[in-house]
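Below are the chains, spelled out letter by letter.
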Amino acid sequence: MSAKLGEILVRENLINSQQLREALEYQRGNGGRLGSNLVKLGLISDDVITAVLSRQYGVPSINLDLFQIEEQTIKLISHEVALKYSVLPISKVGATLTLAMADPTNVFAMDDIKFMTGLNVEPVIASETSLQDSIARYYSSSNAIDLLNLNEESAYEKISAKLGKIGNGGGSGNGSGNSNGVLKKGVAPGERILESDLNMGVSLDRFEFDPNEGSELEVLDDNDEIDLAELARASEDAPVVRLVNVLLVDALRRGASDIHVEPYEKDFRIRFRIDGVLYDVMHPPMKMRDALISRLKIMSKLDISEKRLPQDGRIKIKVKVDNRSRELDFRVSSLPTLFGEKVVLRLLDKDKLMLDMTKLGFEQQSLDIFQRNIAKPYGMVLVTGPTGSGKTNTLYSALQSLNTPETNIMTAEDPVEFNLHGINQVQMKEQIGLNFAAALRSFLRQDPNIVLVGEIRDFETAEIAIKAALTGHLVLSTLHTNDAPSTISRLVNMGIEPFLVATSVNIIQAQRLIRRVCKECKEEQKIPVEALIEIGFSAEEAPTIKTYKGKGCEVCNGTGFKGRVGLYEVMEITDELRELIIIGASAIELRRKAIDLGMITLRQSGLYKIREGITTIEEVVKETVL
């Protein structure tokens, strides 16, 4: 920007080449923008610079002295952010915020403020001097007090008074303009976020933090290269606390399943996984990296001094939205990478747990087969698919339909994702020897009717599960395989005898999750008949198929998709298939026989969803094969 501005000023004879060189020399020694340096040197006036910039970028210019800005508008941006970017909010109309800027090309400032406020940003140009004067005037008049500084002494006296302890009383925003951080899109005044694990309340205008409440983290081991006290203090700074809370609430509002916090050499990126697809959300400043990651680790009860090993934890929060309090769990995983720790938070939202099996996306034929087999008194039910394919939801739905006072249901899970009333759930702890095999052995002495094993990972677990299925128990479990027939080969490769597999397994179900077309912006899509035939439709049916896509709207955030639905391949182990398994038939032979017996494959399930206008061809092709 500087060079261009200087060239324009010389070209328009507003300054000469000698004056430009003088200003550039001054800039090299003192920093700052070229325009403000020209004004400081008395070579040009603020108004002239503003007018030139306005013409150059096609952005209107304003005189801040003629404006009286409302206090509510000022509160949209914190004092710190206004000073950092040299900006001032002028007015808010609908979802658009008019923002006075000294540099209208600063896209980073506009992106950050758009994220902080949830509003579209419309820039206008004001002189740097008038912006600085106005920022000082408006923010001082709104009684902005940095409560963090007031509370630092009392909050951190605990550190010196009690070695090895780190106080968790954070900074505070006063709700009157000096929020010192980001504000969330759509968070209404009076909305509360309570982190029950930390006993920390957020209650005033948008976010306010109680510095007098908090838990303590005991530091077990000091590391010369890590200043733990400094890390703890940084993680409790008001902007960091607010940013973390905003991310957690925003993930809920956007319908995200995961939050990815990723440090790189020269970038710090945060992404949300929404309907199975990752989207960039923001790029916080690099200087916030360690503090933000430490904040997440403290909230999830992880050791902030340990940066060399992976760690797992959990965050529980309560969110009050529309006068309704909701409890949310975040499963937290930290992993050391080349440039810092990557943290992934999995949102476990009970409201999203769909326990009605008729709404999961089963074809009626497949649903009938599945329900018939989970109703059997003994045998094994296996659900397979990659991570994030909805296996847990399917198994919980099955358990919920079987959960009666007359039935003893026990589960071994790693981790326990949702608490289900009436079901005895056990969390695996490998570090003390409580693994799936050990839990399963213990279960068989607890008089169970139904047993759920989170995952069959090894021969020992598979062997005990099959023995349980053969001795009068219904066993439900998962495996990571590509389709239903290949699950048989996987069990045999683990070391299980084919005759045991054939006699114990009742049903194998493979599944995937694909995105639904947004109902609000759904429109017909013209696809050549040849393409429809190529993906699996018959030559007779292809000309009659209507396909749809979403053109993008506010409801689906412009993606064209909203929500997900399952594809299901349900293979019931009939007598014909048992004979093939016993003689060691391959997965290809088993698949061919199952299709002959009427099995709906994953691709056929996808074609059904296309036929019904539920999803797109691209989604089905991405997740299935012919």
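Quick note: structure is the one above.
What counts, and at which threshold
Residues numbered from 1 in each chain as written. Predicted model: local features only at pLDDT ≥ 70, side-chain atom pairs only at ≥ 80, totals over all residues. Heavy atoms only, no water. Pairing = 2+ DSSP bridges. Helix = DSSP H or I, 4+ residues; strand = E, 2+ residues; numbered from the N terminus. Axes fitted to C-alpha atoms, helices over the stretch in contact; angles between N-to-C directions. Contact = heavy atoms within 4.5 Å. Parallel < 35°, antiparallel > 145°, perpendicular 65-115°, else oblique. Nonpolar A, V, L, I, M, F, W, Y, C, P; charged D, E, K, R; others polar. Core = buried A, V, L, I, M, F, W, Y, C linked by side-chain atoms within 4.5 Å. Buried < 20%, exposed > 50% of the residue type's maximum accessible area, 1.4 Å probe, protein only. Salt bridge = Lys/Arg side-chain N within 4 Å of Asp/Glu carboxyl O. Left-handed = near helix turned anticlockwise from the far one by under 90°. Polar contact = N/O pair within 3.5 Å; in protein donor to acceptor, adjacent residues only side chain to side chain.

Describing the sheet that holds strand 1 (residues 87-93)
Then, in step 1: Spatially, three strands are ordered 1-2-3 in an open sheet, and the strand pairing comes out mixed. Among the strands making up the open sheet, the edge pair consists of strand 1 and strand 3 (120-125). Neighbour to neighbour, the strand axes of the sheet diverge by 30° on average, direction disregarded.
Then, in step 2: Note: strand 2 (residues 96-101) against strand 3, six bridges, orientation parallel. Each bridged residue has a counterpart across the sheet, and for L97 the counterpart in strand 3 is V121.
Then, in step 3: Across the sheet, helix 7 (residues 107-117) is in contact with strand 1, strand 2 and strand 3; its angle to strand 3 comes to roughly 140°.

What to know about unusual backbone geometry
Then, in step 1: In this model, D414 is joined to P415 through a cis peptide bond whose omega is 0°.
Then, in step 2: Relative to the helices and strands, P415 resides in the loop between strand 15 (409-413) and strand 16 (424-427).
Then, in step 3: Although it is not a glycine, S86 adopts a positive phi angle of roughly 55°.
Then, in step 4: Looking at the secondary structure, you find S86 in the loop between helix 6 (79-85) and strand 1.
Then, in step 5: Of note, the phi angle at N557 is positive, near 55°, even though the residue is not glycine.
Then, in step 6: Tracing the sequence through the fold places N557 in the loop between strand 21 (547-550) and strand 22 (561-572).

Overview of the packing of helix 20 (residues 575-582) against helix 21 (residues 587-596)
Then, in step 1: Taken N-terminus to C-terminus, the directions of helix 20 and helix 21 make an angle of 170°; their axes are 10 Å apart at the nearest point. When the axis of helix 20 is compared with that of helix 21, the two are roughly antiparallel. Every residue of helix 21 that contacts helix 20 at E576, L577, L580 and I581 is listed here: E589, L590, K593 and A594.
Then, in step 2: The residue makeup of the contact of helix 20 with helix 21, split by class, is five nonpolar, no polar and three charged.

Regarding the nonpolar core
Then, in step 1: Residues M380, L382, I456, V505, I508, F537 and M571 are the most contacted members of the largest nonpolar core, which totals 52 residues.
Then, in step 2: Residue contributions to this core peak at six residues, all from helix 16 (residues 459-470).
Then, in step 3: Setting aside anything within four residues of it in sequence, one finds M571 in contact with A484, P485, I488, I507, I508, L577, A594 and M599.

Some words on the pattern of salt bridges
Then, in step 1: Per the counting criterion, the structure on display carries 24 salt bridges.
Then, in step 2: In this structure, R269 and E262 form a salt bridge, with 2.9 Å as the shortest nitrogen-oxygen distance. An identical accessibility class is assigned to R269 and E262; each is buried.
Then, in step 3: For E306, the salt bridge goes to R308, with nearest N and O atoms at 3.2 Å.
Then, in step 4: Taking relative accessible area as the criterion, E306 reaches 14% and is therefore assigned buried.
Then, in step 5: Look at R308 and you get exposed, because its relative accessible area is 63%.

Structural notes on the sheet that holds strand 18 (residues 474-479)
Then, in step 1: Across the sheet, which stays open at both edges, the seven strands sit in the order 16-15-17-18-14-19-22 with mixed pairing between neighbours. A single partner strand is all that each edge strand has here, and the edge strands are strand 16 and strand 22. In this sheet, adjacent strand axes meet at a mean angle of 20° when their direction is disregarded.
Then, in step 2: With six bridges connecting them, strand 14 (residues 379-384) and strand 18 associate as parallel partners. Following the sheet pairing, L382 is matched in strand 18 by S477.
Then, in step 3: Those strands touched by helix 13 (residues 364-374) are strand 14, strand 18, strand 19 (505-517) and strand 22, and its axis lies near 60° from that of strand 22.
Then, in step 4: Along the sheet face, helix 22 (residues 602-611) touches strand 19 and strand 22 and points at about 140° away from the line of strand 22.

A word on the environment of D103
Then, in step 1: Take D103: it is sitting in the loop between strand 2 and helix 7.
Then, in step 2: Through-space distance from the C-alpha of D103 to that of S86 is 8.2 Å; in sequence the pair is 17 residues apart.

Comments concerning the environment of L420
Then, in step 1: Mapped onto the fold, L420 is located in the loop between strand 15 and strand 16.
Then, in step 2: Taking the relative accessible area as the measure of exposure, L420 reaches 8% and is therefore buried.
Then, in step 3: Spatially, the C-alpha atoms of L420 and N403 are 9.5 Å apart, while their sequence positions differ by 17 residues.
Then, in step 4: Ignoring sequence-local partners within four residues, the contact set of L420 consists of L353, Y396, Q400 and Q425.

With respect to the packing of helix 17 (residues 485-494) against helix 21
Then, in step 1: Packing of helix 17 against helix 21 brings their axes to within 8 Å, and their N-to-C directions diverge by 145°. Once helix 17 is placed against helix 21, the crossing between them reads as right-handed. The residues of helix 21 that touch helix 17, namely those facing P485, S486, I488 and S489, are A587, L590 and R591.
Then, in step 2: The class makeup of the residues in the contact of helix 17 with helix 21 is four nonpolar, two polar and one charged.

Here we look at the side chain of R271
Then, in step 1: Mapped onto the fold, R271 is located in strand 9 (residues 268-274).
Then, in step 2: Separated by 2.7 Å, the side chains of R271 and E262 make a polar contact.
Then, in step 3: Among residues more than four places away in sequence, those in contact with R271 are D258, I259, H260, E262, L278, Y279, D280 and V281.

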